[in-house]
Amino acid sequence: MSIYKAYDIRGIYPEELDERTAYRIGRAFAEMLTARTVVAGRDMRKSSAELFAAAADGMRDAGCDVLDVGMVTTPLVYFATAHAGADAGLMVTASHNPARYNGFKLCGKGASPISYDDGIREIENRAALLNEKKGESAAPARKKGTLRVFPAADAYLAHLLSFARKIRPSTIAVDAGNGSGGPFAARLLSALPGVACVGLYMEPDGRFPNHEANPLKPANLRDLQKAVREHRCDLGVALDGDADRCVFVDGAGAIVPTDLVTPLLARERLALRKGPVVYDLR
């Protein structure tokens, strides 16, 4: 089965996706977009640092400067891509998949989405050509790009806090599933006046020692439901591995269906600004 999917790239490390493949993907990605700057981040999986380094090297060999935002969430990479005015963003993550997987999520300028039909297919084809040329031996750009640290967490948290309206005192349980979203969720909630956080598995750990970081599976919500009831929380939030999806639990510990969360959130946004609502049931 191909590692090139409809909306991302992912496979089992290192059998399906290794450092050589990551190099070719990074280089093909930068060359496809003729990118001058790419924001790049990674999650907490054991293989993410190595795949990040390889992909960054590929992008740099394409003449692209890489802005390293560190171990972060996927939404932070999207935010930082737009915030920095970069040409593209790349996140090393396998999202909600088990520990043995890894991959890439990609976006264009302004954090515009890249799917198989509008980019990933071309990356697949370009990476295959690099493979035929044995990757690293293919002529690199005349001038290799740079790699520099680009702190974006503070700006991202300030952006999130700008959405806060009339926050009432409450206790919120968060199950981060040992994903990369734990530290950001803790910082965000601690900045909201009167909000207490009951944290579960907030420490990033790519082995996922407690349960899979996939909140769409009810079995992975049991600890959160129990914490909500025991601590009499107002609600609970479960995040996936890279914190780009979540599932809510109400104050009674019942799972709130995601198709009900969408209109609840839409109602709040539409009260501030009228317009269309684009949604995904996940």
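Please refer to the structure placed before this passage.
Note that the structure is predicted; figures quoted are calculated from it, not measured. (Residues numbered from 1 in each chain as written. Predicted model: local features only at pLDDT ≥ 70, side-chain atom pairs only at ≥ 80, totals over all residues. Heavy atoms only, no water.)

A. Region of the structure containing the sheet that holds strand 9 (residues 235-239). What the four strands build is an open sheet, ordered 8-7-9-10; its pairing is mixed. With one partner strand each, in any of the chains shown, strand 8 (195-200) and strand 10 (246-250) form the two edges of the open sheet. Neighbour-to-neighbour, the strand axes of this sheet turn through a mean angle of 20°, independent of strand direction. (Pairing = 2+ DSSP bridges. Helix = DSSP H or I, 4+ residues; strand = E, 2+ residues; numbered from the N terminus. Axes fitted to C-alpha atoms, helices over the stretch in contact; angles between N-to-C directions.)

B. Broad picture of helix 2 (residues 48-61). Taking 1.5 Å as the rise per residue, helix 2 with 14 residues should run 20 Å; its terminal C-alpha atoms sit 20 Å apart, in good agreement. Each element contacted by the buried residues of helix 2 is listed here: helix 1 (19-33), strand 2 (37-42), strand 3 (65-71), strand 4 (88-92) and strand 5 (101-107). At the C-terminal side of helix 2, Gly63 shows a positive phi close to 85°. (Expected span 1.5 Å × (residues − 1). Contact = heavy atoms within 4.5 Å.)

C. Examining the nonpolar core more closely. Of all hydrophobic cores here, the largest spans 31 residues; its most connected members are Ile9, Phe29, Met59, Leu90, Phe104, Leu106 and Ile123. Per-element tally for this core: the top contributor is helix 1, with seven residues. Excluding its chain neighbours within four sequence positions, the residues that come into contact with Phe104 are Asp8, Ile9, Leu17, Ala22, Ile25, Leu51, Ala55, Leu90, Met91, Val92 and Thr93. Among the nonpolar cores identified, the runner-up in size contains 14 residues, and Val69, Leu76, Ala86 and Tyr156 belong to it. (Core = buried A, V, L, I, M, F, W, Y, C linked by side-chain atoms within 4.5 Å. Buried < 20%, exposed > 50% of the residue type's maximum accessible area, 1.4 Å probe, protein only.)

D. Summary view of unusual backbone geometry. A cis geometry characterises the amide bond from Tyr13 onward to Pro14, with omega recorded as -5°. By the secondary structure assignment, Pro14 is in the loop between strand 1 (9-12) and helix 1. With a phi close to 65°, Ala111 is a non-glycine residue in the positive phi region. Tracing the backbone through its elements, the reader meets Ala111 in the loop between strand 5 and helix 4 (116-132).

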